[in-house]
Amino acid sequence: MLNWRRDPGYELRMKQLRSEIEQIERETEQLRRENARLRTLNARQKALNSSIRRLCFPDASNSNPIPPTELDSSSSSP
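So, here is what we can say about the structure in this document. (Residues numbered from 1 in each chain as written. Predicted model: local features only at pLDDT ≥ 70, side-chain atom pairs only at ≥ 80, totals over all residues. Heavy atoms only, no water.)

**Points about the overall build of the chain**
Piece 1. Within the chain one finds two helices and zero strands.
Piece 2. Classification of the 78 residues of the chain by burial places 0% in the buried group.
Piece 3. Carbon and sulfur atoms make up 55% of the accessible area of the chain, which amounts to about 8,200 Å² in all. (Helix = DSSP H or I, 4+ residues; strand = E, 2+ residues; numbered from the N terminus. Buried < 20%, exposed > 50% of the residue type's maximum accessible area, 1.4 Å probe, protein only. Areas by Shrake-Rupley, 256 points an atom, 1.4 Å probe, with all protein chains shown as cover.)

Structure representation (structure tokens):
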């Protein structure tokens, strides 16, 4: 019959591993929350960029030329 004894450092190592696993799970959850926040910010930035392009750089086919500003004839009279 074999006389088997558990390694004395086994329980300590298992406790350390459980602690490391818990830490990794907390970090993973924090990264998931941060990724969700970044997705929201990216979507907002994409919408803003789209609005900027639409307002500042309208398509030539969809844009109406802006008439030149006319000078007030009364202010230019001597």
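**Details of the pattern of salt bridges**
Piece 1. For the structure shown, the criterion picks out three salt bridges.
Piece 2. Among the ionic pairs, Arg32 bridges to Glu29, the shortest N-O distance being 3.9 Å. Of this pair, Arg32 and Glu29 both sit in helix H1 (residues 10–56), three residues apart, which is roughly one turn of the helix.
Piece 3. By relative accessible area, Arg32 is classed as exposed at 53%.
Piece 4. The salt bridge partner of Arg33 is Glu29, with a shortest N-O separation of 3.9 Å. (Salt bridge = Lys/Arg side-chain N within 4 Å of Asp/Glu carboxyl O.)

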